[in-house]
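Letter by letter, the chains look like this.
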Amino acid sequence: MKGDLLAAIISLVFLTISIRAIRKKELTEVLAICWLAVSIATVILSALLPFGAITPVSRFFGIAYPPDMVLVFGLLFLVLFTFQLSVALSRISARQKTLVQELALLKAQLDRPGGE
Amino acid sequence: MTPAELADAYSKTCVVVPAYNEGKSIAQVVQAVQEHMPGATVAVVNDGSRDDTERCAREAGGVVLSLSLNLGIGGAVQTGYKYALSQGFSYAVQIDGDGQHDPSETHHLFESLVAGQADIVIGSRWLGRGNYVAPRNRRYGMKFLEAVVSWRAHSRFTDTTSGFRALNRRAIALFAEHYPTDYPEVESIVLARNYGLRVLEVPVVMKAREHGTSSIRGLKTLYFMVRITMAVVIGVMGGEDS
């Protein structure tokens, strides 16, 4: 039972952290929704896990030990999320490159005598 | 090509010189270009250098395109091509800022370019002229790249890492739009071929670099090989521009 309590506390702390981050506008909207969903899901999971409420679900997926199912889906989520992040990062660096290049061209135009 | 035709071509040429912390050699490079390619415009792309590259290049009489952040060689060179395109130049020449390429060799590149026989002409160290010697481990790497690129580009290339090249308007427009980021010299050959451009190699003489070190050495060489092979084989040319 101690483990369940710990899981509940951790998920509540995580929920508080994500709400705080959203209120301080440290996250863009899509990511804010994403993390809010994740933290609410972990809170619900940690509340349900001790009562065996998700055991039928894990049985459906053929996973004998319910907490393992949480791990598997958690891992899947993390992989997909980091992939999405690296796609976003690549897009941002491509945009940054274009911006820096155009800035350099504009600066050169201003430097030219008579350039406005 | 008559001297008059060459002079006319040079007057419509933008010489793109990417430079990252090349304060020691950049002025010499700019002056050498002005001396051997009279009438050409020199555009030094200062890739976020931390030394006095920008001041030296400007004092030597070059146009300076100064990048606020270090973009790496690909982003820097592309800036030069964007400049050449927007300023309406007919030709562009790429010359490294470290003094490795000799501007007095440029007329060898222009022969086929001006005659309209090629869209890109690359100066190769390995076609018989000059006596450039590369360290042994680099030679193996170059051989390997040569094989990969020759296979993907459907014709033989001997000096895939050469950054000494001349482009016509069509090639300038392509590279202003699409240019690989990380190891652009090698990838851009395949890229240009994929877009149906005619790419030609001609023999040139190159010097060993005067100052600074190659951006690629040691363990990075291995990474370089893997990345290039991936990029060239998959055809992902170092990231989409968006």
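Computed from a predicted structure; not experimentally measured.

Conventions and cut-offs
- Residues numbered from 1 in each chain as written.
- Chains lettered and ligands numbered in written order.
- Predicted model: local features only at pLDDT ≥ 70, side-chain atom pairs only at ≥ 80, totals over all residues.
- Helix = DSSP H or I, 4+ residues; strand = E, 2+ residues; numbered from the N terminus.
- Rg over C-alpha atoms; globule rule 2.2 N^0.38 Å.
- Buried ≥ 20, exposed ≤ 12 C-beta atoms within 10 Å, placed from the backbone.
- Contact = placed C-beta atoms within 7 Å.
- Pairing = 2+ DSSP bridges.
- Domains from an automatic or database assignment.
- Axes fitted to C-alpha atoms, helices over the stretch in contact; angles between N-to-C directions.
- Nonpolar A, V, L, I, M, F, W, Y, C, P; charged D, E, K, R; others polar.
- Arc of directions from axis to C-beta.
- Parallel < 35°, antiparallel > 145°, perpendicular 65-115°, else oblique.
- Core = buried A, V, L, I, M, F, W, Y, C linked by C-beta atoms within 7 Å.
- pLDDT = per-residue confidence, 0-100.

**Describing the overall build of chain A**
What chain A contains, in helices and strands, is 4 helices and 0 strands. Overall, chain A shows an N-to-C arrangement of helices and strands of α-α-α-α. Over its C-alpha trace chain A gives a radius of gyration of 23 Å, far above what one expects of a compact globule, namely 13 Å for 116 residues. Principal-axis analysis of the C-alpha atoms gives chain A an extent of 80 × 30 × 20 Å. Evaluated residue by residue, chain A yields a buried proportion of 9% over its 116 residues. Put simply, of all contacts in chain A between residues at least 6 apart along the chain, 50% involve residues at least 24 apart.

**With respect to the overall build of chain B**
Secondary structure assignment for chain B yields 9 helices and 7 strands. For 242 residues, the compact-globule formula gives about 18 Å, and the C-alpha radius of gyration of chain B, at 16 Å, lands near that figure. In terms of principal-axis extent, the alpha carbons of chain B reach across some 40 × 40 × 40 Å. For chain B, the proportion of its 242 residues judged to be buried stands at 49%. If you take every contact in chain B between residues at least 6 apart in sequence, the share linking residues at least 24 apart comes to 77%.

**Section: the pairing of strand β6 (residues 165–168) of chain B**
Residues and elements named next belong to chain B. The alternating pattern of β6 places Arg165 and Leu167 and Ala166 and Asn168 on opposite faces, both of which are buried. Bridge analysis of strand β4 (residues 91–94) against β6 gives 4 bridges, and the strand direction is antiparallel. Along β6, the bridge assignment pairs Tyr91 with Asn168. Summarising the sheet, strand β5 (residues 120–124) and β6 pair through 3 bridges and their orientation is antiparallel. When the bridges of β6 are listed, Ile122 appears paired with Arg165.

**Examining the domain arrangement of chain A**
For chain A, the domain assignment lists domain 1 (1–53) and domain 2 (65–116). In this structure, domain 1 of chain A and domain 2 of chain A have C-alpha centres spaced 27 Å apart.

**Some words on the sheet that holds β5(B)**
Residues and elements named next belong to chain B. Reading across the sheet, the 7 strands line up as β3-β2-β1-β4-β6-β5-β7 and stay open at both edges, with mixed pairing between neighbours. Lying at the two open borders of the sheet, with one neighbouring strand each, are β3 (63–66) and β7 (199–203). In this sheet, neighbouring strand axes are inclined to one another by 20° on average, regardless of whether the strands run parallel or antiparallel. In this fold helix α5 (residues 106–114) packs onto β4, β5, β6 and β7, with an angle of close to 30° to the strand it touches most, β6. Here helix α7 (residues 169–177) sits on the sheet and contacts β4, β5 and β6; the angle it forms with β6, its principal contact strand, is near 100°.

**What to know about the environment of A:Ser93**
Of note, A:Ser93 is situated in helix α4 (residues 66–111). The class for A:Ser93 is partly exposed, based on 14 C-beta atoms found within 10 Å.

**Quick look at the interface of chain A and chain B**
Contacts between the two partners involve 13 residues from chain A and, on the opposite side, 18 residues from chain B. Here the side of chain A that touches chain B is composed, by residue class, of 6 nonpolar, 3 polar and 4 charged.

**A word on α5(B)**
Residues and elements named next belong to chain B. Looking at α5, one finds that the buried residues are Thr106, Leu109, Phe110, Leu113 and Val114. Viewed end-on, α5 has its buried residues packed into an arc of 115°, placing them on one side of the element. Where α5 is buried, its residues contact α1 (3–11), α2 (26–36), β4, β5, β6 and β7.

**Brief notes about the packing of helix α8 (residues 184–194) of chain B against helix α9 (residues 219–234) of chain B**
All names here are of chain B. Where α8 meets α9, the closest approach of the two axes is 10 Å, and the angle between their N-to-C directions is 10°. Regarding the angle of α8 to α9, the classification is roughly parallel. Facing α8, whose interface residues are Val186, Glu187 and Val190, α9 presents Ile228, Ala231 and Val232.

**Digging into the nonpolar core**
Residue and element names in this part refer to chain B. In terms of nonpolar packing, the biggest core is built from 73 residues, with Val15, Val16, Val17, Ala43, Val44, Val45 and Ala92 touching the most fellow members. For this core, the element with the highest residue contribution is helix α4 (residues 72–86), accounting for 6 residues. Non-local contacts of Val44, meaning those with residues more than four positions away in its chain, are made with Val17, Ala19, Ile26, Val30, Ala57, Gly62, Val64 and Gly97.

**Description of the confidence of the model for chain B**
It should be kept in mind that the predicted coordinates are not to be read in detail where pLDDT is low. Residue and element names in this part refer to chain B. This prediction gives chain B a mean pLDDT of 87; 91% of its residues lie at or above 70. When mean pLDDT is compared element by element in chain B, β4 scores highest at 98, while α9 scores lowest at 77. Here residues 236–242 is modelled with pLDDT under 50, and outside its nearest four sequence neighbours on either side it reaches 22 contacts, counting other chains as well. Interface confidence for the predicted complex, given as ipTM, is 0.83, next to a pTM of 0.82.

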